[in-house]
Amino acid sequence: MTAAPATPHSLSTPLVSKALASLVASLSASEDSSDLLASSGRPSSHVCLTLSLSKVPSGSPKPSRVEVPNPVLSEEGDTPDSEVCLIVKDESKPWVSEYVDDAHAAGKLPFIRRVLSLSKLRKDFSTFAQRRELLAGYTHFLADDRILPMLSKALGKSFYAAKKLPVPVKLTRTEKLRDTLERAVERSTYLYLSSGTSVSIKVGRPSALSDAQLLANVLAVAPQVVAKVGGWAKVSQVGIMCGQSVNVPVYARTTKELREMEGLMGVGGKEAAAAAKGEEEEVGGKRKGEESAVKKAMKKAKSAKAKAKEEKEEAEAEREKDEAMKKAAREIAEEMVAKEDEIAEEIKKEKKSRKELRKEKQPSERPAAKKKKREEQEEVAEEVAEEEEEEAPKKKKKQVAGKPEKSPKAKTPKAAEKKEKKVEAGVPKALTAPFTAAKKFSGARKGYKFCTGPSGVGYYKDTPFKFDPAFAQMLKATGGSGR
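Residues numbered from 1 in each chain as written. Predicted model: local features only at pLDDT ≥ 70, side-chain atom pairs only at ≥ 80, totals over all residues. Heavy atoms only, no water.

As named in an unreviewed UniProt entry, the protein is Ribosomal protein L1p/L10e family-domain-containing protein, taken from Tetraparma gracilis.

Asker: I'd like a description of the overall build of the protein, backed by residues and values.
Answerer: Looking only at helices and strands, the protein has 14 helices and 15 strands in total. A burial count over the protein gives 28% of its 483 residues as buried. Total accessible area computed for the protein in this model is approximately 32800 Å², and 54% of it derives from carbon and sulfur atoms. (Helix = DSSP H or I, 4+ residues; strand = E, 2+ residues; numbered from the N terminus. Buried < 20%, exposed > 50% of the residue type's maximum accessible area, 1.4 Å probe, protein only. Areas by Shrake-Rupley, 256 points an atom, 1.4 Å probe, with all protein chains shown as cover.)

Asker: Please provide a residue-by-residue account of the sheet that holds strand β14 (residues 448-453), values included.
Answerer: In spatial order, the strands read β13-β15-β14; together these 3 strands make up an open sheet with antiparallel pairing. Of all the strands in the sheet, the pair left with one neighbour each is β13 (435-437) and β14. If you compare each strand with its neighbour and ignore which way they point, the axes differ by 35° on average. (Pairing = 2+ DSSP bridges. Axes fitted to C-alpha atoms, helices over the stretch in contact; angles between N-to-C directions.)

Asker: Could you give an account of the packing of helix α1 (residues 13-29) against helix α8 (residues 211-229), with specific residues and numbers?
Answerer: Running from N to C, α1 and α8 point in directions that differ by 130°, and their axes come no closer than 10 Å. The angle between the axes of α1 and α8 places the two elements in the oblique class. For the element pair α1 and α8, the recorded crossing hand is right-handed. Residue-level inspection shows T13, V16, S17, L20, A21 and V24 of α1 in contact with α8, the latter providing D211, L214, L215, V218 and L219. The class makeup of the residues in the contact of α1 with α8 is 8 nonpolar, 2 polar and 1 charged. (Parallel < 35°, antiparallel > 145°, perpendicular 65-115°, else oblique. Left-handed = near helix turned anticlockwise from the far one by under 90°. Contact = heavy atoms within 4.5 Å. Nonpolar A, V, L, I, M, F, W, Y, C, P; charged D, E, K, R; others polar.)

Asker: Tell me about the sheet that holds strand β5 (residues 140-144), residues and numbers included.
Answerer: As summarised here, the arrangement of the 4 strands in space is β4-β3-β5-β6, forming an open sheet in which the pairing is parallel. Strands with a single pairing partner mark the edges of an open sheet, and in this sheet they are β4 (112-117) and β6 (167-169). On average, each strand axis in the sheet is inclined to that of its neighbour by 25°, with strand direction left out of account. Bridge count for β5 against β6 is 3 bridges, and the pairing is parallel. Note on β6: the bridge partner recorded for A143 is P168. Contacts from helix α7 (residues 177-185) reach β3 (84-88), β4, β5 and β6, with the element oriented near 145° to β5.

Asker: Explain the pairing of β4 to me, and be specific about the residues and the numbers.
Answerer: For β3 and β4, the ladder comprises 5 bridges, and the chain directions are parallel. Considered in β4, the bridge of V84 is made with I112. One crossover worth recording links β3 to the parallel β4 by way of helix α2 (residues 93-105), and it is right-handed. (Right-handed = clockwise from strand over helix to strand, strands pointing away.)

Asker: Outline the confidence of the model for the protein, listing residues and values.
Answerer: Scored by pLDDT, the protein has a mean of 76; 72% of the residues are at 70 or more. Here residues 76-80 is a poorly scored stretch, pLDDT under 50, and it has 5 contacts once near neighbours within four places are set aside; other chains count. (pLDDT = per-residue confidence, 0-100.)

Asker: Lay out the nonpolar core in plain terms, naming residues and giving numbers.
Answerer: Counting 36 residues, the largest nonpolar core has L11, L49, V235 and V238 as its most contacted members. Elements supplying a minimum of two residues to this core: α1, β1 (47-53), β8 (198-204), α8, β9 (235-242) and β10 (248-252). The element best represented in this core is α8, accounting for 8 residues. In this structure V238 touches L11, L49, T50, L51, W232, V248, P249, V250 and Y251, once residues within four positions along its chain are discounted. Counting residues in each nonpolar core, the second largest holds 20 residues, with A103, V167, V169 and Y190 among its members. (Core = buried A, V, L, I, M, F, W, Y, C linked by side-chain atoms within 4.5 Å.)

Asker: Tell me what's going on with a negative patch on the surface, and back it up with residues and numbers.
Answerer: A cluster of like negative charges, contributed by E375, E376, E379, E382, E383, E386, E388, E389, E390 and E391, occupies part of the molecular surface. Here E390 lies in helix α12 (residues 368-401). For E390, a relative accessible area of 56% corresponds to the exposed category. (Patch = residues over 30% accessible without salt bridge, like charges linked within 9 Å, V, L, I, M, F, W, Y side chains within 5 Å. Salt bridge = Lys/Arg side-chain N within 4 Å of Asp/Glu carboxyl O. Lys, Arg positive; Asp, Glu negative; His and termini not counted. Charge placed at Lys NZ, Arg CZ, Asp CG, Glu CD.)

Asker: Would you mind going over the pattern of salt bridges in detail, with residue names and values included?
Answerer: Scanning the entire structure with this criterion turns up 10 salt bridges. With its nearest N and O atoms 2.7 Å apart, the salt bridge here joins D124 to K120. You can see D124 and its partner K120 sitting in helix α3 (residues 118-124), 4 residues apart, about one turn around the helix. Here K120 falls in the partly exposed class, since its relative accessible area comes to 34%. Between E378 and R374 there is a salt bridge, with its nearest N and O atoms 3.5 Å apart. You can see E378 and its partner R374 sitting in helix α12, 4 residues apart, about one turn around the helix. Take E378: its relative accessible area is 40%, and that puts it in the partly exposed class.

Asker: Could you give me a rundown of unusual backbone geometry, with the residues and numbers involved?
Answerer: Here L109, not a glycine, exhibits a phi torsion of approximately 50°, which is positive. Tracing the chain through its elements places L109 in the loop between α2 and β4. We classify L109 as buried; its relative accessible area is 1%. Its identity is not glycine, yet K163 carries a phi of approximately 55°, on the positive side. Locating K163 in the fold gives a position in the loop between α6 (157-161) and β6.

Asker: Before we move on, can you summarise the pairing of β1 with the specific residues and values?
Answerer: With 6 of its 7 residues buried, β1 lies for the most part within the structure. Sheet topology places β1 next to β8; 6 bridges connect them, and they run antiparallel. Each bridged residue has a counterpart across the sheet, and for C48 the counterpart in β8 is K202.

Asker: Can you explain the packing of aromatic side chains? Please cite residues and give values.
Answerer: Counted under the stated rule, the structure contains 7 aromatic pairs. Considering the side-chain rings of F441 and F450, the 5.6 Å spacing of their centres and the 75° angle between planes classify their relative orientation as edge-to-face. The exposure class of F450 is partly exposed, given its relative accessible area of 29%. An aromatic cluster is built from Y138, F141 and F159, whose rings are joined through pairwise contacts. One cation-aromatic arrangement involves R131 over F128; the distance from NZ or CZ to the ring centre is 5.9 Å. Positioned above the aromatic ring of Y459 is the side chain of R445, whose terminal nitrogen or guanidinium carbon lies 4.1 Å from the ring centre. (Phe/Tyr/Trp six-rings, centres within 6.5 Å; stacked < 30°, edge-to-face > 60°. Lys NZ or Arg CZ within 6 Å of the ring centre and 35° of its normal.)

Right, here's the structure in full:
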């Protein structure tokens, strides 16, 4: 029995059913998609309905609700897709939290994981890092429609980029709160209009829904989405995809392309089969037509997977090459550091050996000049000590006899000269010579001045100024003018 073709403004039920079955079976049997399969053996990624438009749709970037007969955002059991955060007004937080706790105790509303007040949202999630953490913690967000205008600033641009803007719900009627939340999560999916000509919307997961339930969702979602983007006149093509699979077309604007799609899927009768082969019937005979654009797109989609695999292998080879180069660079750097350490150690040892060599070359005894001066000083000290010992008994005898001690006699010039010679013998030669060489000033010396003279830089013996009486008489006679 041949299925009736679809009208230009609706989807063909047999074509959509065949496309869904083929897509799910292909992903389930593919070895590369084993990580996407659930325990049931069916893909766990969402099936999405995609629309190619002739013009960019106009509308708000906020989520638009689309009703579905089977749950899309949640399913039975504790799954990551059923984690929802509900944002409410501060005064509504107590009774909403109590209501949700009672529903959890009764086994209802399992997808509501947290009730968050507006003030706590602003206080605890004020930084970008905290907002990103909140965004990653839940799959969907619901919000009281009364505070929706205030959430744009509180949430930031990350929620816009991830298409996780809160869905508005009415919480004013307590008796209908459960139905409102279940309708927003279990019986709805949401459309986000992009800035391009391609629109996508989730219709369910093969791991949670059967092929018949997925088909019912697609047929229910398609007319609602078309109405929101401006009607069938703006729709060029409709397709179905799951995860990273190819986009399988199920609708085209022209009848010819639609027949080709049906022929490729094995539905639609002889006309569809002929169109799939690129043949057209004309009056007076048949002729072989050119390969249509739809058929080319299908072939191109089939090769996309192979190209993706090749690109992945090339990227892996490039990554391994980069790792090898980095490893070689690290080894070279380590070798250079080791060589530098060795050179530094050798330089340190060489400096140490030079220092020890200098110490060995230095004389262990004092120079002869210093030794001679010391001996002279010691001799003078011994002579003075002997004289004092000789005079001490004489003074003692005079004191015992009771005779007054005579005043010391004035020293004769010979005695003074002799004593001066003795003193000069005990003084270093540097302090008695008329000139002592010195590279820098080392302190004041009595009777000497430090200057630069005929013998060079050093200490010169200072001669006192002698006053000339004849010169004074001359100054007096001339009136002090010197003339």
